[in-house]
2 protein chains.
Amino acid sequence: MIYVGVDVGGTNIKIGLVDIKGAILADNFIRTDKSKDYKGILDDIVADIKLLCNEAGVDYHDIGGIGVGVPGVVDSRTGTVSYSANLGWRDVPLVHGLEVASGIHAEAANDANCAAWGEYKFGSCRSMDNVILITLGTGVGSGIIIDGRLFDGVASAGGEAGHMIIVKDGKQCNCGLKGCWECYASASALISQTEEAMKKYPDSILRNVAEKEGKISGRTAFIAAEKGDKAGKEVVENYIDYIATGLINLGNIFHPNAIIIGGGVSNEGAALIEPLEEKVNAGLLASEHNPKVRIIGASLGNKAGLIGAAALVM
Amino acid sequence: MIYVGVDVGGTNIKIGLVDIKGAILADNFIRTDKSKDYKGILDDIVADIKLLCNEAGVDYHDIGGIGVGVPGVVDSRTGTVSYSANLGWRDVPLVHGLEVASGIHAEAANDANCAAWGEYKFGSCRSMDNVILITLGTGVGSGIIIDGRLFDGVASAGGEAGHMIIVKDGKQCNCGLKGCWECYASASALISQTEEAMKKYPDSILRNVAEKEGKISGRTAFIAAEKGDKAGKEVVENYIDYIATGLINLGNIFHPNAIIIGGGVSNEGAALIEPLEEKVNAGLLASEHNPKVRIIGASLGNKAGLIGAAALVM
């Protein structure tokens, strides 16, 4: 049996054929055509699935289901997207619409939850039943797995750890609150922190690094730190401390087996993961009496959402 | 069938006979004799249970089980207390010891979890399956119920929402971290905040209220505020804002049906609950598209732990 994973984003929609072991047989992406209503977009998705089937030599009728990840509030029980800012959707009966358009059984969930589900089923934390995936990107996404099941709260409205307040009355967040974790721990926040350090330490090599890379990115401070730059080290240490603050909160609340770190920043590897694991476990209540919470880099990269979406219907 | 609930504290141990509907047939308390090892304390508990049975005319052999709540890290699966600062216990096989001493089936859990379980089974949130109980006392305790089951993380080491950091690098907490929620939202924190306001506003009526009550308590600022005192109102507003900050975090992460507020402070009723419900729901992500998270006062008072402990074995 072959399954389809769909990862809907504000700009592109990733679509792939995935087998029962989580391997991608064929995948591509199409543009998210916002000039169309949701039914038009679903037709685009179905057309692309047929294209992928041709390409991979898969019979369309052999598809066991279509799983879809969507940025926004998705009630995974009813398959309705109650709200997606990125797509401009409100109360969209996504699963119903997709089943009508494709003639195939469908499921839907929030995109961060799909990524967590993908890592849980086929990635870094296959052997564990209690894990949290954190995605450090434009914002901070989170997916929570408890006893082998996706947890997202009543009406799937929970699982938004990025909007934990860690600095009361702190930086203004897009969500309306102040001091949310994602204002400090997202990749976007790291870029702002790097820009600030460039101004504060004009003699640091941060600017040279950024020029060489062509832009100020989430990598800039890590590269400078690796070269021994004091300003780069300060940015990296503070940033890791911000990430750790939210992870300690999640650790004290959930005490999972592991917290998986995804998003582009997770490519920094040991320079990020090792200090995080140390700080987090030092911050957990009665940590010397409890099993360690492991911190692990995500292993499916930017395909986690697509693979996890497909795994929704396996 | 009759069940026994035991709520072990650092000073006293509350013990009660509870029926299947959560009604207490007889209860009392004994001193926590810390000069004894855990086996001695368990013998004291069993002797008291026999006393209560005599008192209530219950046959000791009709007891269906003994549930115990303990302050500290209790692995509810194994019945072992890995650590309790209040009792000075470490790796105590509580359930095994109690079964040997009593000849009756036993279960154990963290005391805040027992209180949450009691409120869920017999108190304020009987009709809901996803609830969080917060206890505002010396610290801030929490018990989490997901889909009708107590959730406390791997090895029962989770469920410690009181140690969420809400003010990064803020006040020093006893746990070693800085800026934990309980440093701002506990009853003890409210008393400190009231004392500070007394110094800042010597002309306020806070001091008169405290003198009349015989001490500065968690009630002082609420009474002054009710009488129109500006300083009292400021203390109450800031305090409610601190509680709301942590509740918003829990709301965005769990989106439960309700959050139950227990502990002495919850006796303030509507003056506490109504502004909390408003602030919390205003702070939740995409709140206009999601069901409201209700904020409700606990209804079992200081017997919730005892009743919930008994409910562990029902």
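Residues numbered from 1 in each chain as written. Chains lettered and ligands numbered in written order. Predicted model: local features only at pLDDT ≥ 70, side-chain atom pairs only at ≥ 80, totals over all residues. Heavy atoms only, no water.

Colleague: Got a minute to help me understand the overall build of chain A in this structure?
Modeller: In terms of helices and strands, chain A carries 10 helices and 13 strands. For 314 residues, the compact-globule estimate of 2.2 N^0.38 gives 20 Å, and chain A sits close to it at 20 Å. With the model as given, the accessible surface of chain A reaches about 12,800 Å², and the carbon-plus-sulfur share is 47%. Considering chain A, the positive charge centre built from 28 side chains and the negative charge centre built from 38 side chains are found 4 Å apart. (Helix = DSSP H or I, 4+ residues; strand = E, 2+ residues; numbered from the N terminus. Rg over C-alpha atoms; globule rule 2.2 N^0.38 Å. Areas by Shrake-Rupley, 256 points an atom, 1.4 Å probe, with all protein chains shown as cover. Lys, Arg positive; Asp, Glu negative; His and termini not counted. Charge placed at Lys NZ, Arg CZ, Asp CG, Glu CD.)

Colleague: Is there a simple way to think about the pairing of strand E3 (residues 24–31) of chain A in this case?
Modeller: One face of the sheet, then the other: side chains in a regular strand alternate in exactly this way. Residues and elements named next belong to chain A. Note: strand E2 (residues 12–18) against E3, 7 bridges, orientation antiparallel. Within E3, the residue paired with Asn12 across the bridge is Arg31. Connecting E2 to the next strand, E3, in antiparallel fashion are 5 residues, including Gly22 with a positive phi near 85°. (Pairing = 2+ DSSP bridges.)

Colleague: Help me out: how do you make sense of helix H10 (residues 304–312) of chain A in this one?
Modeller: Every α-helix carries 3.6 residues per turn, so stepping three or four residues along brings you back to the same face. Within H10 of chain A, 8 of the 9 residues are buried, which leaves the element mostly enclosed by the surrounding structure. Taken together, the buried residues of H10 of chain A touch strand E1 (2–8), E2, E3, strand E4 (63–70) and helix H3 (111–122) of chain A. (Buried < 20%, exposed > 50% of the residue type's maximum accessible area, 1.4 Å probe, protein only. Contact = heavy atoms within 4.5 Å.)

Colleague: What is the right way to read the environment of Ser287 of chain B from this model?
Modeller: By the secondary structure assignment, Ser287 of chain B is in the loop between helix H9 (270–283) and strand E13 (294–297). Between the C-alpha atoms of Ser287 of chain B and Lys50 of chain B, which are 237 residues apart in sequence, the distance is 52 Å.

Colleague: Would you mind showing me how to read the interface of chain B and chain A here?
Modeller: By a frequent convention, interface size equals the accessible area lost on bringing the separate parts together. If you look at the interface, chain B gives 44 residues, while chain A gives 44 residues. Roughly 3,800 Å² of surface becomes buried between chain B and chain A when both sides are summed, with 66% attributable to carbon and sulfur atoms. Together, Lys168, Ile253 and His289 of chain B form the three largest contributors to the area buried by chain B at its contact with chain A, with a combined 18%. Across the chain B-chain A interface, the total number found is 4 salt bridges. Asp147 of chain B is the partner of Arg149 of chain A in a salt bridge, and the nearest nitrogen-oxygen pair spans 3.5 Å. At the surface where chain B touches chain A, the tally comes to 14 residue pairs in polar contact (both at pLDDT 80 or more). Among the secondary structure elements, those contributing two or more residues to the side of chain B that touches chain A are strand E6 (80–84), strand E10 (140–146), strand E11 (149–151) and helix H8 (230–254) of chain B. It is H8 of chain B that provides the largest number of residues to the side of chain B that touches chain A, a total of 9 residues. Of the residues in the side of chain B that touches chain A, the class split is 24 nonpolar, 14 polar and 6 charged. (Buried area = accessible area lost by both parts, 1.4 Å probe. Salt bridge = Lys/Arg side-chain N within 4 Å of Asp/Glu carboxyl O. Polar contact = N/O pair within 3.5 Å; in protein donor to acceptor, adjacent residues only side chain to side chain. Nonpolar A, V, L, I, M, F, W, Y, C, P; charged D, E, K, R; others polar.)

Colleague: What exactly am I supposed to notice about the environment of Lys121 of chain B here?
Modeller: Residue and element names in this part refer to chain B. Along the chain, Lys121 turns up in helix H3 (residues 111–122). Residue classification places Lys121 among the partly exposed residues on the basis of a relative accessible area of 38%. Each C-alpha atom, one on Lys121 and one on Gly22, is 8.0 Å from the other, the two residues being 99 residues apart in sequence. Look past the residues within four positions of Lys121 in its chain and what remains in contact with it is Arg126 and Ala311.

Colleague: What is the right way to read the sheet that holds strand E6 (residues 80–84) of chain A from this model?
Modeller: In a beta sheet, neighbouring strands are held together by backbone hydrogen bonds and run either parallel or antiparallel to one another. Residues and elements named next belong to chain A. Judged by pairing direction, the sheet is antiparallel, and its 3 strands sit side by side in the order E5-E6-E7 without closing on themselves. Strands with a single pairing partner mark the edges of an open sheet, and in this sheet they are strand E5 (73–75) and strand E7 (89–92). Strand-to-strand twist across the sheet, computed as the mean angle between neighbouring axes with direction ignored, equals 15°. Pairing analysis gives 3 bridges linking E5 to E6, with the strands arranged antiparallel. Opposite Val74, over in E6, you have Val81 as the bridge partner. (Axes fitted to C-alpha atoms, helices over the stretch in contact; angles between N-to-C directions.)

Colleague: Explain the relation of the copies chain B and chain A to me, please; I cannot follow it from the model alone.
Modeller: What relates the pair of chain copies is a rotation about an axis plus a shift along that axis. Note on the copies: chain B fits chain A at an RMSD of 0.0 Å, the axial shift is 0.0 Å, and the rotation between them is 180°. Read as a symmetry element, the transformation amounts to a two-fold axis. Most of the interface of chain B is mirrored in chain A: 100% of its interface residues are interface residues there too. (Least-squares fit on C-alpha atoms with pLDDT ≥ 70 in both.)

Colleague: What is the right way to read the side chain of Thr194 of chain A from this model?
Modeller: With respect to the secondary-structure elements, Thr194 of chain A resides in helix H5 (residues 187–200). On the basis of relative accessible area, Thr194 of chain A is assigned to the buried category, the value being 0%.

Colleague: Explain the nonpolar core here, please?
Modeller: Nonpolar side chains in soluble globular proteins tend to be buried together. Trp181 of chain A together with Trp181 of chain B are the most contacted members of the largest nonpolar core, which totals 105 residues. With residues near it in sequence (within four places) discarded, Trp181 of chain A still touches Ile134, Val140, Ala161, Gly162, Met164, Ile166, Tyr242, Ile243, Gly246, Leu247 and Leu250 of chain A. (Core = buried A, V, L, I, M, F, W, Y, C linked by side-chain atoms within 4.5 Å.)

Colleague: How should the pairing of strand E12 (residues 258–262) of chain A be read in this particular structure?
Modeller: Residue and element names in this part refer to chain A. Extensive coverage of E12 is indicated by the burial of 5 of its 5 residues. Burial along E12 is two-sided: Ala258, Ile260 and Gly262 facing one way and Ile259 and Ile261 facing the other are all buried. Pairing geometry for strand E9 (residues 131–136) and E12, over 5 bridges, is parallel. In the strand pairing of E12, Leu133 is matched with Ile260.

Colleague: I would appreciate a short explanation of the packing of aromatic side chains in the present structure.
Modeller: The relation between two aromatic rings is expressed through the spacing of the ring centres and the mutual angle of the planes. Considering all chains together, one arrives at 9 aromatic pairs over all chains under this definition. Their ring planes at 70° and their centres at 6.5 Å tell us that Tyr38 of chain A and Trp89 of chain A sit as a pair that is edge-to-face. Taken together, the residues Tyr38 of chain A in helix H1 (residues 38–56) and Trp89 of chain A in strand E7 connect sequence positions 51 residues apart. Trp89 of chain A matches Tyr38 of chain A in its accessibility class, with the two residues each being buried. Members of the aromatic cluster, connected to one another through ring pairs, are Phe151 and Phe254 of chain A together with Phe151 and Phe254 of chain B. Just above the ring of Tyr242 of chain A sits the side chain of Lys168 of chain B; from NZ or CZ to the centre is 4.9 Å. (Phe/Tyr/Trp six-rings, centres within 6.5 Å; stacked < 30°, edge-to-face > 60°. Lys NZ or Arg CZ within 6 Å of the ring centre and 35° of its normal.)

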